[in-house]
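Tertiary structure, described
What follows is each chain in one-letter form.
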Amino acid sequence: MPSFDVVSKVAMHEVDNALLQAQKEVTTRYDFRDTGTSIERSEEGIMLRANSEGRVEAAFEVLKEKLVRRKVSLRALDAQKIEPAASSTYRQLIKLNQGISKEKAKDVVKYLKDMRLKVQAAIQGDAVRVTGKKKDDLQECIAALRAHDFGLELQYENFRD
């Protein structure tokens, strides 16, 4: 029986490359000199630091520009509030969303059921497995999912015949 998985992943190697490019630009740009601006990746996500809120926002814009060039969706970013840090600096945490949450997965399954396509959808961890009798039904399902906005970047993997 043909099937495929609906997932939401971020290419971390592309994020790392964009991060390195953004760090290089921040260190060489004139308007970032002597502002203590830094961009680094931690376990929680990407941390931006600078001596003013405006510099943190500008560093975030540089990072977004580099991510778009590397074809990383900005929907995967979850920017937290800018907070004051030690010694009169500011910081902002940018979380990277990986996987489909239970609520979003339920929305995907409900949407597919409402479409009345001849497919079955099941939630499996942070992915949704869609199965059907015909390959054409699954391709129609992918087209319907691409047309609808779920608020995250979806990929379609493991298409099996």
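Above: the structure in question.
A brief report on the enclosed structure follows. (Residues numbered from 1 in each chain as written. Predicted model: local features only at pLDDT ≥ 70, side-chain atom pairs only at ≥ 80, totals over all residues. Heavy atoms only, no water.)

1. A closer look at the overall build of the protein chain
Across its full length, the protein chain carries four helices and nine strands. Starting at the N terminus and walking to the C terminus, you meet the elements of the protein chain as β-α-β-β-α-β-β-β-α-β-β-α-β. In terms of overall dimensions, the protein chain is more spread out than a globule: its C-alpha atoms have a radius of gyration of 20 Å, far above the 15 Å expected for 161 residues. Taken over 161 residues, the protein chain has a buried fraction of 37%. Taking all contacts inside the protein chain whose residues are at least 6 apart in sequence as the whole, residues at least 24 apart take part in 57%. (Helix = DSSP H or I, 4+ residues; strand = E, 2+ residues; numbered from the N terminus. Rg over C-alpha atoms; globule rule 2.2 N^0.38 Å. Buried < 20%, exposed > 50% of the residue type's maximum accessible area, 1.4 Å probe, protein only. Contact = heavy atoms within 4.5 Å.)

2. Some points on the pattern of salt bridges
Under the definition given, this model contains 15 salt bridges. Between Arg-29 and Glu-25 there is a salt bridge, with the nearest N and O atoms lying 3.0 Å from each other. A relative accessible area of 17% means that Glu-25 is categorised as buried. Of the charged contacts in the structure, one is a salt bridge between Asp-31 and Arg-29, with a shortest N-O distance of 2.8 Å. Owing to a relative accessible area of 31%, Asp-31 belongs among the partly exposed residues under this scheme. Each member of the salt-bridge network shares a partner with another, and the members are Glu-25, Arg-29, Asp-31, Arg-55, Glu-65, Lys-66 and Arg-69. (Salt bridge = Lys/Arg side-chain N within 4 Å of Asp/Glu carboxyl O.)

3. Description of the side chain of Gln-92
With respect to the helices and strands, Gln-92 occurs in strand S6 (residues 89–96). A polar side-chain atom of Gln-92 sits 2.9 Å from the main-chain carbonyl oxygen of Gln-80. Excluding residues within four positions of it along the chain, Gln-92 makes contact with Ile-46, Met-47, Leu-48, Val-56, Phe-60, Ala-79, Gln-80, Lys-81 and Ile-82. (Polar contact = N/O pair within 3.5 Å; in protein donor to acceptor, adjacent residues only side chain to side chain.)

4. A word on the packing of helix H1 (residues 12–28) against helix H2 (residues 53–69)
Contact geometry for H1 and H2: axes closest at 8 Å, N-to-C directions at 135 degrees. The pairing of H1 with H2 is recorded here as oblique in orientation. Here the hand of the crossing between H1 and H2 comes out right-handed. Residues Val-15, Ala-18, Leu-19, Gln-21, Ala-22, Glu-25 and Val-26 of H1 pack against Val-62, Leu-63, Glu-65, Lys-66 and Leu-67 of H2. When grouped by side-chain class, the residues that make up the contact of H1 with H2 number eight nonpolar, one polar and three charged. (Axes fitted to C-alpha atoms, helices over the stretch in contact; angles between N-to-C directions. Parallel < 35°, antiparallel > 145°, perpendicular 65-115°, else oblique. Left-handed = near helix turned anticlockwise from the far one by under 90°. Nonpolar A, V, L, I, M, F, W, Y, C, P; charged D, E, K, R; others polar.)

5. Remarks on the pairing of strand S1 (residues 3–7)
With five of five residues buried, S1 lies mostly within the body of the structure. Residues Ser-3, Asp-5 and Val-7 of S1 are buried on one face, and the alternating residues Phe-4 and Val-6, pointing to the opposite face, are buried as well. Bridging between S1 and strand S8 (residues 127–132) involves four bridges; their strand directions are antiparallel. Bridge assignment links Val-6 to a residue of S8, and that residue is Val-128. (Pairing = 2+ DSSP bridges.)

6. Examining the side chain of Ser-8
You can see Ser-8 is positioned in the loop between S1 and H1. On the accessibility criterion, Ser-8 (7% relative accessible area) is buried. Among the polar contacts made by the side chain of Ser-8, one reaches the main-chain carbonyl oxygen of Glu-153 at a distance of 2.9 Å.

7. Regarding the environment of Leu-63
Positionally, Leu-63 belongs in helix H2. Given the relative accessible area of 0%, Leu-63 is considered buried. Considering only alpha carbons, one finds Leu-63 and Gln-23, 40 residues apart in sequence, at a separation of 8.4 Å. Aside from chain neighbours lying at most four places away, what touches Leu-63 is Leu-19, Ala-22, Ile-46 and Leu-48.

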